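Residues per chain, in single letters:
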2 protein chains.
Amino acid sequence: MSVSERERRARATWSALVEPGDAVAGALVSTFGAAEAWDRVRLALRASPDGAGAAGLVLDAGDGRDATAPRGRAEDREGGDHDGRPVGQREEGPGRARLARALARWAPRASTVDGGALLGALDGLGGGFLVPGDDGWPEALDALGPAAPFGLWVRGAADLARTGARGVAVVGARAATTYGERVAHDLAAGLAARAVTVVSGGAFGIDAAAHRGALAGSGRTVVVLAGGVDRAYPRGNARLLEAVVADGGTVVSEVPVGSVPTRVRFLQRNRLIAGLATATVVVEAAWRSGAISTAYHASTLLRPVGAVPGPVTSVASAGCHRLLRSGVAVCVTDTAEVLELAGLDGPAADPSDVPTRPGDGLPEHVRRVLEAAPSRRALEPGALAVAAGVSLAEAHAALGLLELDGLVRREGAGWRRARP
Amino acid sequence: MSVSERERRARATWSALVEPGDAVAGALVSTFGAAEAWDRVRLALRASPDGAGAAGLVLDAGDGRDATAPRGRAEDREGGDHDGRPVGQREEGPGRARLARALARWAPRASTVDGGALLGALDGLGGGFLVPGDDGWPEALDALGPAAPFGLWVRGAADLARTGARGVAVVGARAATTYGERVAHDLAAGLAARAVTVVSGGAFGIDAAAHRGALAGSGRTVVVLAGGVDRAYPRGNARLLEAVVADGGTVVSEVPVGSVPTRVRFLQRNRLIAGLATATVVVEAAWRSGAISTAYHASTLLRPVGAVPGPVTSVASAGCHRLLRSGVAVCVTDTAEVLELAGLDGPAADPSDVPTRPGDGLPEHVRRVLEAAPSRRALEPGALAVAAGVSLAEAHAALGLLELDGLVRREGAGWRRARP
C-alpha cells in the first residue's frame, strides 16, 4: 500500500502540531485519517481560534459518535493527554471535554505549522519522513496504539521494518562507568555480529557506547533522538551520528527538523526506543532514569526486558538491580543471554570453561577413596576404606578404577595418589 | 526433655562411624534411637564382620517391618546413601539391600569408633556435643530429615537454638575479590548490628570476610567446619576462629574432633550451613562452587536464597548471576534487602537520596511551560504556549504557579526561568 502525499503531509503537520504521545490526536488520526483529522481541526480552530467550543465542530461532520472516547483508556498507558492531572486521578470525562482541552493546547501552534515545508526542509538533509504504509515503516510501533508516532523523521537508511523483528534496544545511563560502557560496547558488537540491529538514544555514556559497539561489529544501529534529526544533542555526539549514517545506520525522531529536545520529548522518546526493538536491555542506570522508563515501556508492550548487573557499590547499577528485584527484568550477562532473552537464538550455553577436577564424574564411593589416598605415602585398602567410609570391597573396586584412570599408583601393599 | 548419656554417647559414635548425610544411618537412628540402632549394628557386625547378610540381624529383633524403606525417598534429596549410583537412577531396592550395602561400608570403622572417648577428648578443648533435645539444639536442622546430623560438635557458645529463627548464611567463594569481601563484610556487619546471627564456613575469602564483619558489628557468628572443630582449616584462619570463640561465637562441625575435612565433607557441610540459617545469601561464587550448592540446599529446604550481583566481567560473580537467572535466588544489594528476604524486617525502603529536579511533582503542562521558558531571555505567554504545546490559558496558569515556586521570573511582558 502506498501513502498519498496529502496524508503524508498531514502526518508531518500532526508531528509538529502536538507533543509526542498525545493520545487525543492519535485517536483523531486513527479515526479520520491524518488528512481529514487535520482538516477538521483546522476548520474548527478557524471558527474558534482558542479552541473553545470547537470540539463539536470537529466531530459533527462525523457519524455523531465520539471519535476519541473509545481509545480514552490507552492514554493512561502512554502518559495521558497532557491535561496535567496525574494519570488515574483524571476524571474520565466525555470525549468532547478532552477534545476541547486538546484543541485549546493545539490552537497556539495551529497557525504556524506547515507539513509541506517541513518535508521540503528535510530533503536538503538527505532525510525522509516514514509513515505507516511505507515499505520501511517499523510495524512494531503499531503496538503503541493511539500513542504511536504519526511518522518518523529519518536520516540514513530509511528501512526500519526489520528492527521490530530483529532489533535489541541497548540503553542506559549518560553517567555511565567505564565498566558499563565496556559492557554496552561488547554487547552491541556481539549483537551486530549476529545481524541484530541495535537501537538506542543519542546520549553520551551507554547510548554512545552501544552505537560504537554496533559499528565495531559492522552491524546496523538506530539512534532515536528526542529532538529533530538535524541537530545532534548533545553536540559532542555529532560525529558519532554522522558515522552511524555513513555506515548504513539510521537517525530517527518523531518530532520534525528544528525541534529542540525537551524533557517531555525525552520521556516520550523512550517509548519509541522500546517500541522499535524486539527486546530492551538496560546496561547501567541510576535508581531513577530514562533507561528505567524505557524498560517499563518495553514491559508494558509485553516485550522482554533484560538488565545487566553490576557492583552493588555502584550507583550506576542501582537501576538495573531495581529492575531485577522487581522482576521487570531478567539478569543478562552476555550476548548469548541477550539473544536468548529476545528469542533470537537458542538458549545460552553454559560456559564451556567450567574447570573440571580429578574425580569428576566418578561414582561417589570411588571419589571418596581417591580423596582418602594420600600423595606422600601409600595406604593399604583397609586403611583407605576406614578413611573414606566405604566397604573394603568398594575400596578394592575403586582402586582398580582409579588405577586405570592413572589417578592412583600401587606401592607395595598400599596405594598412593598419583601426582597429576 | 533431657538426653540420656547413653544416647549422647551413641550419637557421638554415629557421627564418627558414618560419613555426613548418610541417609540409611539417619533412618535407623530415627527409627530405633541412636543407642539401640548402634547396638543392633554392632551386634550384627560382630556376627558378620564384613556386614554380609547382617541386615537381617539389624532388623529382625524389630517388628519385622523395614526400618529404612519408608524414608528411602528422603535420601534422594540429601545426596543418597553413598552407594555411588547417581541420585534418581538408583534402583529403589528393598531396604534390606541398601542396609546391607550400608553395613558393609560401616564395617571397617565399626571396630575403631568410641563415642565416649570422643566426648572426653572435646572436654579438654572446652567444647561440647549438642544433640537433638538439648536446649541449645538448632531445631532448624530437623528440616534435613534423615540427613540431619546426629549431633554438632561445638566450640564456644553452645546455644544455637536461635540461628534457625534469626540467622542468615553469608557464603561465597574462597577466591573472592576485594569487592566481594567488602560486600560480605558490610552485609554481615549490618546483620550483626540487627541482632542477626551470621552463619558461614571457615574458608578464606567471603566466609572469613563475613565472620570478620559480624565481629565488627559486635554480633554473633557461627563457623561451620567440614573437619573437626579442633583443627582450623585452612590453618591461616586459626586466629579468626579463636576470635569468633572469644567473642561469643561458635565453631561447629558434625564430624568429631580429629576428623580431616574431605571434599565430601565440604559438600555435606554446605547442607548444615543452609539448614542452620533462616535464609542464605551468596556474595560471590564461581559458576560452579560450594556456595552454589549451599544455595541449592537452602532452596531445597524452601528457605529464601539471595544473590549479590557483581560485574559481569568478573568470574567471581558468575555463580551469583547464574542463581539470579535460574530464579533460585533473589537479587539483594544491601542489608535491608537481605533482612526483607529473610522475613526478619519490613520491606527495604527505596533509597532516600533519589535526586529531585526542579519541576518534579508539578502537573505535566506546568512542567512543560517551565522547560520551555528560557533562562537567557524572556518569552511572552503566547510564545511559551507554542513552545510547550499547551493552551494559552494553561500557559498563564502555569506561569502563575511557577512564579509562586520561584522557578520563573516576570520580565516586562515576558517570563524567563529563574536561576536556582
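- Labelled according to an unreviewed UniProt entry, chain A appears under the name DNA processing protein DprA, originating from Cellulomonas algicola.
- Recorded in UniProt under Sequence similarities (unreviewed entry), the annotation for chain A is "Belongs to the DprA/Smf family."

### Describing the environment of A:W14
Argument step 1. If you trace the backbone, A:W14 turns up in helix 1 (residues 5–17).
Argument step 2. Leaving out residues up to four positions away in the same chain, A:W14 has contacts with A:A25, A:L28, A:V29, A:A34, A:A37, A:W38, A:V41, A:W106 and A:F150.

### Digging into the side chain of B:R109
Argument step 1. Along the chain, B:R109 falls in helix 6 (residues 95–110).
Argument step 2. Discounting residues that sit within four places of it in the chain, B:R109 has contacts with A:V386, A:A387, A:A388, A:G389, B:A16, B:L17, B:V18, B:E19 and B:R265.

### Quick word on the pattern of salt bridges
Residue and element names in this part refer to chain A.
Argument step 1. Overall, the coordinates contain 36 salt bridges over all chains when judged by the stated rule.
Argument step 2. Two residues, R6 and D39, come together in a salt bridge whose shortest N-O distance is 2.7 Å. Of this pair, R6 sits in helix 1 while D39 sits in helix 3 (residues 34–47); the two residues are 33 residues apart in sequence, bridging distant segments of the chain.
Argument step 3. Classification of R6 as partly exposed rests on a relative accessible area of 47%.

### Here we look at unusual backbone geometry
All names here are of chain A.
Argument step 1. Even without being a glycine, A195 presents a positive backbone phi close to 60°.
Argument step 2. Residue position: A195 is located in the loop between helix 9 (178–193) and strand 4 (197–200).
Argument step 3. Residue A195 is classed as partly exposed on the basis of its relative accessible area, which comes to 45%.
Argument step 4. Phi at L302 is positive, roughly 60°, even though this residue is not glycine.
Argument step 5. Classification of L302 as exposed rests on a relative accessible area of 76%.

Parameters and conventions
Residues numbered from 1 in each chain as written. Chains lettered and ligands numbered in written order. Predicted model: local features only at pLDDT ≥ 70, side-chain atom pairs only at ≥ 80, totals over all residues. Heavy atoms only, no water. UniProt positions renumbered as here; feature names shortened; annotations may be inferred. Helix = DSSP H or I, 4+ residues; strand = E, 2+ residues; numbered from the N terminus. Contact = heavy atoms within 4.5 Å. Salt bridge = Lys/Arg side-chain N within 4 Å of Asp/Glu carboxyl O. Buried < 20%, exposed > 50% of the residue type's maximum accessible area, 1.4 Å probe, protein only.

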